Amino acid sequence: MQKRVLSGIQPSGELTLGNYLGALRRWVSMQDKNESYFCIVDLHAITEPQDPQDLRRRTRDIAALYLAAGLDSAKSIIFVQSHVRAHSELGWILNCMTPMGWLERMTQFKDKVAKGSAERVSVGLFDYPVLMAADILLYQAHLVPVGDDQRQHVEFTRDVALRFNHRFGDTFTIPEPLIGDTGARIMSLSDPTKKMSKSDEDPSGTIALLDPPELVRRKIMRAKTDSGTEPRFDDERPGITNLLEIFSALTGKSRAETEAHFAGRGYGDVKRELADATITALEPLQREHQRYTDDPAELDRELRKGCERASVVAEQTLRDVQEKVGLR
Ligand code: ATP
Ligand code: LTN
């Protein structure tokens, strides 16, 4: 049986190598065998302050990168979250059924609050997982391919769905997170104890998918490592471990094969080969991205088609939910 797949990325910054290896690249390989929905979650991005022009540009840029990476609208439904109103509507209904305590436990929220003052944190950021649950449940998704940091949000979605089904009868498919073996948690190049993140203010830790080759090389050559010499995966040495992890995710080599590949060589060799591998992987993506930038009407057509197809499915679930809770 075909499974339904849904995932999304926020247009909160330039897409990174972490987004690619943890999410996007894996989506491409799933679209042949599954009924797939991939969105750009702009309503999630506005849970933190965004410049309106930047938000619009990034939303299109990310859509172009989805297509450039190989998502194909003949196989998948590719759309912008805010174009399909059912996301906000189901989000509200689920809000009314979700205990605050469940949201207070979310580690991503707690981490973000710890970084800023409570005054600056929006209600939307607190409520973020409920909207994410709406994204997933509207399409009755079985599988949610994400990086490791999103595991808790998918578990939360399962709890929301189970609770709704228990109270109102079978309504939602219970989804499962799908997290890769390699590349699920790429760390920052400048601080390998932190996740590589597109909204990081320090660009030296992040490889953006659209960084030009010389910049990619410079960032990798300057990546923070320890004073050791032997390239090995080692929790005590997060810098070199992260570089090896990226190498292994890009080349498809297992961790053992990657260690064997670099046996007897130094950290400098790892950096040089990783820079080459990264530049080679990004080159076709950047070329295809440029094609969509040159033809904005084509991108508009793709997103309009995606919105229409997604709306049909989303509306059906929304109606069912509205009827069950007594809104129709
Ligand atoms: P932000 O910095 O705005 O929180 P982000 O870079 O963490 O953004 P998201 O939009 O939150 O990116 O994530 C999109 C997808 O990319 C998710 O599936 C997430 O798990 C995955 N992802 C994000 N960062 C990484 C990373 N460093 N390694 C692996 N996967 C990642
Ligand atoms: N919270 C996710 C983005 C996201 C998402 C989704 C992922 C929003 N809705 C639905 C999978 C399915 C993140 O990566 N920060």
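Residues numbered from 1 in each chain as written. Chains lettered and ligands numbered in written order. Predicted model: local features only at pLDDT ≥ 70, side-chain atom pairs only at ≥ 80, totals over all residues. Heavy atoms only, no water.

A. Seen up close, the site of ligand 1. Close to ligand 1 lie 21 residues; Ser12, Asp149, Lys195, Ser197 and Ser199 are nearest. Here Met196 contributes a backbone N or O atom positioned 2.9 Å from a nitrogen atom of ligand 1. In this structure, an oxygen atom belonging to ligand 1 sits 2.5 Å away from a side-chain N or O atom of Ser199. With the chains in place, 97% of the 600 Å² that ligand 1 exposes on its own is no longer accessible. Take the shell around ligand 1: its biggest share by element is 4 residues, from helix H1 (residues 17–30). A per-class count over the shell around ligand 1 returns 6 nonpolar, 10 polar and 5 charged. (Near = heavy atom within 4 Å. Polar contact = N/O pair within 3.5 Å; in protein donor to acceptor, adjacent residues only side chain to side chain. Areas by Shrake-Rupley, 256 points an atom, 1.4 Å probe, with all protein chains shown as cover. Helix = DSSP H or I, 4+ residues; strand = E, 2+ residues; numbered from the N terminus. Nonpolar A, V, L, I, M, F, W, Y, C, P; charged D, E, K, R; others polar.)

B. Representation of the pairing of strand E2 (residues 35–40) in the model. In terms of burial, E2 is largely enclosed, as 5 of its 6 residues are buried. Read as a crossover between parallel neighbours, the route from strand E1 (residues 4–9) over H1 to E2 is right-handed. By the bridge criterion, 5 bridges tie E2 to strand E3 (residues 76–80) in an arrangement that is parallel. Bridge pairing in E3 links Ser36 to Ser76. (Buried < 20%, exposed > 50% of the residue type's maximum accessible area, 1.4 Å probe, protein only. Right-handed = clockwise from strand over helix to strand, strands pointing away. Pairing = 2+ DSSP bridges.)

C. Representation of the pattern of salt bridges within the structure. A full pass over the atoms with the stated rule returns 22 salt bridges. The closest approach of N and O atoms between Arg57 and Asp61, which form a salt bridge, is 3.6 Å. Taken together, the residues Arg57 and Asp61, both in helix H3 (residues 52–69) and 4 residues apart, mark about one turn of the helix. Take Asp61: its relative accessible area is 16%, and that puts it in the buried class. Where Arg60 meets Asp300, a salt bridge forms, and the shortest distance between an N and an O atom there is 2.7 Å. (Salt bridge = Lys/Arg side-chain N within 4 Å of Asp/Glu carboxyl O.)

D. Up close: the site of ligand 2. Around ligand 2, the surrounding shell holds 13 residues, and the nearest of these are His44, Tyr128, Met132, Asp135 and Gln150. In this structure, Gln10 approaches ligand 2 through a side-chain N or O atom, which is 3.5 Å from a nitrogen atom. The separation between a nitrogen atom of ligand 2 and a polar side-chain atom of Asp135 is 2.6 Å. Within the complex, the protein chains bury 92% of what would otherwise be the 370 Å² of accessible surface of ligand 2. Those elements that place two or more of their residues in the shell around ligand 2 are E1 and helix H7 (123–138). Tallied by class, the residues present in the shell around ligand 2 amount to 7 nonpolar, 5 polar and 1 charged.

E. Geometry of the environment of Gly326. Assignment of secondary structure puts Gly326 in the segment after helix H13 (296–325). Residues Gly326 and Ala134, 192 residues apart in the sequence, show an inter-C-alpha distance of 18 Å.

F. How the structure looks around H7. Between its first and last C-alpha atoms H7 spans 22 Å; for 16 residues at 1.5 Å apiece the expected length is 22 Å, and the two agree. At Pro129, H7 is bent by approximately 40 degrees, the largest bend along its length. Burial analysis of H7 places 14 of its 16 residues in the buried class, which makes it a mostly covered element. Two residues or fewer after H7 comes Gln140, characterised by a positive phi angle close to 55 degrees. (Expected span 1.5 Å × (residues − 1). Bend = angle between axes of the 7 residues up to and from the residue.)

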